[in-house]
Amino acid sequence: MHRSAMLAVVAVLAVSATASAEGLEFDSYTKAYWKAKELARPMLVILNPSAGEVSSEPIVAMEELRGDLKLSVLLNDYVVAVVDTGTEHGRKVHELFGAPELPRVVVIDERQEKQVYRTSETLTTAELRTVLTKYRDGVPESKPVHVNWSQPYRQPGYCPSCQRR
């Protein structure tokens, strides 16, 4: 493939990534929620501290996230809400989420029923790509299964009384 053809492909990908994001990024949690519900898509919620608030962590800016082409493509699978917690709406959302520290990144499943991922830790672009890839189907982390090795294994439907017959 010629260099000019490769550049054209990259340009088309960048434009299509931006075009598909139109209408899927909101500064209102409520609007994003209803859009995600309508489209049955998972939701990425970013709660940022207000501009006047002192925070040890920098805000999460969509422009920076969209600057990474791979991350930008992943973001197209989500409805995104970037909420400024300095506004009245943002304060209510912050209270609703009970986020201890800001900024806060939350992934909500496609039914808008469960938070499948949440953190107030600073995520690198690579870490966020991993999170968005892992949770785009709304599958929460599996919980470890506790096995009591002191108990004998019994197949489902095992009935000691039935064994005596």
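Residues numbered from 1 in each chain as written. Predicted model: local features only at pLDDT ≥ 70, side-chain atom pairs only at ≥ 80, totals over all residues. Heavy atoms only, no water.

Draft legend 1. Representation of the pairing of strand S5 (residues 115-119). Where strand S4 (residues 104-108) and S5 come together, 4 bridges link them in antiparallel fashion. By the bridge assignment, Val107 is partnered in S5 with Tyr117. Between S4 and S5, which pair antiparallel and follow one another directly, the connecting turn spans 6 residues, one of which, Gln112, has a positive phi of 65 degrees. (Pairing = 2+ DSSP bridges. Helix = DSSP H or I, 4+ residues; strand = E, 2+ residues; numbered from the N terminus.)

Draft legend 2. Inspection of unusual backbone geometry at higher detail. The peptide bond linking Leu102 to Pro103 adopts the cis configuration, its omega dihedral lying at 0 degrees. Mapped onto the elements of the fold, Pro103 is located in the loop between helix H5 (88-97) and S4. Backbone geometry at Gln112 places phi at a positive 65 degrees, although glycine is not the residue there. Within the secondary structure layout, Gln112 lies in the loop between S4 and S5.

Draft legend 3. Representation of the pattern of salt bridges. With the rule as written, the count across this model stands at 6 salt bridges. Notably, a salt bridge pairs Lys92 with Glu88, separated by 3.6 Å at the nearest N-O pair. Here Lys92 pairs with Glu88, and both are found in helix H5, just 4 residues apart, close to one helical turn. Note on accessibility: Lys92 and Glu88 belong to one class, exposed. Across the salt bridge formed by Arg111 and Glu113, the nearest N and O atoms sit 4.0 Å from each other. Accessibility expressed as a relative area gives 54% for Glu113, which makes it exposed. (Salt bridge = Lys/Arg side-chain N within 4 Å of Asp/Glu carboxyl O. Buried < 20%, exposed > 50% of the residue type's maximum accessible area, 1.4 Å probe, protein only.)

Draft legend 4. Helix H6 (residues 125-135), seen in detail. Among the residues of H6, Leu128, Val131, Leu132 and Tyr135 are the ones counted as buried. Buried positions in H6, seen along its axis, are confined to an arc of 95 degrees and lie on one side of it. Looking at the packing, one finds that the buried side of H6 touches strand S2 (43-48), helix H3 (62-66), helix H4 (69-75), S4 and S5. (Arc of directions from axis to C-beta. Contact = heavy atoms within 4.5 Å.)

Draft legend 5. Just the environment of Val83, in detail. Among the structural elements, Val83 can be located in strand S3 (residues 79-84). A C-alpha to C-alpha distance of 9.7 Å links Val83 and Pro103, two positions 20 residues apart in sequence. Contact partners of Val83, with chain neighbours within four places excluded, come to Asp27, Tyr29, Ile46, Leu47, Asn48, His89, Gly90 and Val93.

Draft legend 6. Focus on the pairing of S2. Counted residue by residue, S2 has 6 buried out of 6 residues, so it is predominantly covered. Pairing analysis gives 6 bridges linking S2 to S3, with the strands arranged parallel. Bridge pairing in S3 places Val45 opposite Ala81. Bridge analysis of S2 against S4 gives 5 bridges, and the strand direction is antiparallel. Paired with Ile46 across the two strands is Val105, which belongs to S4.

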